[in-house]
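# Structural overview
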Amino acid sequence: MDNAPIGIFDSGIGGLSVLNEIASLLPNENLIYVSDNAHAPYGALSVKEIQERSRILTQWFLEQNCKIVVVACNTATTNAISLLRNTFEIPFVGIEPAIKPAAIHTKTGVVGVLATKGTLASDLFHQTVKTYAGGIDIIEQEGKNLVTMIESGVTDGETMEYLLHEYVKPMLDAKADHLVLGCTHYPFLIPCLQKILPNEVTIVDCSPAVAKQVGRILEKNQLEASKAQKGITLF
Ligand code: DGL
């Protein structure tokens with residue numbers, strides 16, 4: 001048993017989609033969430049800058065006595081998680097575009113991925129595509145301006161619909177039947193995306209899988225909290 005908190009971070013509110021899943025799957029855990037707004041969006045930062053923010057935030061989580069760090073950001077995971085694992089001894093759980101399940105389930109052999117520029121350009125993303133999506137046509141699309149709009153409270157409406165329509169059009173034209181949400185901010189766009197996408201297109205969000213992985217790691221390392229310790233602190 002270990003009642004130390006779980007540290008979770010993202011550049012903004014996106015990682016709250018991951019926090020919600022962790023909070024409902026692991027209700028006894030203390031959670032500390034950091035929204036690194038002063039440095040958002042991460043998608044526009046250099047690899048070095050993303051790594052530096054991830055390192056500084058992890059250091060701070062360690063000072064708060066966190067037992068595990070959840071990188072609730074695809075951009076930070078794909079660009080910095082190897083460095084974090086090589087630098088710190090604490091366990092890390094990250095999130096990256098769910099290429100593998102989409103590649104397994106696609107019937108048309110075409111999968112769309114909406115993510116930040118930083119994620120799409122990362123070595124880890126390219127490696128994942130190479131490993132799990134051989135023979136699958138992956139249509140990548142940068143979600144330009146989406147994070148900034150979501151951070152300012154815009155998740156639906158005419159402008160958002162227009163923008164999303166532009167972004168998914170090449171995927172639909174290519175007959176994609178899965179749309180992978182490769183940024184933790186994008187689950188907030190699901191209601192708007194559902195208006196635009198045909199019913200046959202499955203939206204893939206892997207936040208629930210991340211929560212399960214956190215649970216597995218806590219169990220494996222005997223780090224689970226005892227009952228009635230739950231608290232959520234937001235920074
Ligand atoms: N929520 C993020 C992600 O999953 C960060 C996006 C950004 O700050 O550009 O990639």
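Residues numbered from 1 in each chain as written. Predicted model: local features only at pLDDT ≥ 70, side-chain atom pairs only at ≥ 80, totals over all residues. Heavy atoms only, no water.

## Overview of the layout of surface pockets
Looking at the largest pocket, its volume works out to about 430 Å³. In terms of lining residues, the largest pocket is bounded by 21 residues, among which Gly94, Ile95, Glu96, Cys206 and Val210 are the most central. The set of elements that each furnish at least two residues to the lining of the largest pocket consists of α3 (74-87), β4 (92-94), α4 (99-105), α6 (123-132) and α10 (207-220). No other element matches α10, which puts 4 residues into the lining of the largest pocket. Across the lining of the largest pocket, the residue classes break down as 14 nonpolar, 4 polar and 3 charged. The wall of the second largest pocket is formed by 13 residues, among which Pro41, Gly43, Ala44, Glu142 and Asn145 lie closest to the centre. Its residues placed into classes, the lining of the second largest pocket shows 5 nonpolar, 5 polar and 3 charged. (1 Å grid on protein atoms, 1.4 Å probe; cavity = no way out; pocket = protein on both sides within 12 Å on 5 of 7 lines; lining within 4 Å. Points joined across faces, edges and corners; volume = space filled by probe spheres on them. Helix = DSSP H or I, 4+ residues; strand = E, 2+ residues; numbered from the N terminus. Nonpolar A, V, L, I, M, F, W, Y, C, P; charged D, E, K, R; others polar.)

## A few points about the environment of Ile13
Relative to the elements of secondary structure, Ile13 occurs in the loop between β1 (6-10) and α1 (16-25). Remark: the alpha-carbon pair of Ile13 and Glu151, spanning 138 residues in sequence, is separated by 6.8 Å. If sequence neighbours within four positions are ignored, Ile13 has contacts with Tyr33, Ser35, Ile150, Glu151, His185 and Phe188. (Contact = heavy atoms within 4.5 Å.)

## What to know about the sheet that holds β1
Strands belonging to one sheet form pairs held by backbone hydrogen bonds; the direction of such a pair is parallel or antiparallel. Read from one edge of the open sheet, 5 strands run β4-β3-β1-β2-β9, paired in parallel fashion. Two strands close off the open sheet at either side, each with one partner strand: β4 and β9 (231-234). Pairs of neighbouring strands in the sheet enclose a mean axial angle of 20°, with direction left out of account. Pairing geometry for strand β2 (residues 30-35) and β9, over 4 bridges, is parallel. Across the sheet, Ile32 pairs through a bridge with Thr233, a residue of β9. Packed onto the sheet, helix α2 (residues 47-63) meets β1, β2, β3 (68-71) and β4 and runs at close to 155° relative to β1. Contacting β1, β3 and β4, α10 crosses the sheet at an angle of about 165° to β4. (Pairing = 2+ DSSP bridges. Axes fitted to C-alpha atoms, helices over the stretch in contact; angles between N-to-C directions.)

## So, the sheet that holds strand β8 (residues 202-204)
In spatial order, the strands read β6-β5-β7-β8; together these 4 strands make up an open sheet with parallel pairing. With partners counted over all chains shown, the strands left at the sheet margins are β6 (137-142) and β8, one partner each. Neighbouring strand axes in the sheet, compared pairwise and without regard to direction, differ in orientation by 20° on average. Where strand β5 (residues 110-115) lies against strand β7 (residues 178-182), 5 bridges are found, and the strand directions are parallel. Its bridge partner being in β7, Ala115 is matched across the sheet by Gly182. Packing of helix α8 (residues 158-173) onto the sheet brings it into contact with β5, β6 and β7, and relative to β6 it is tilted by some 160°.

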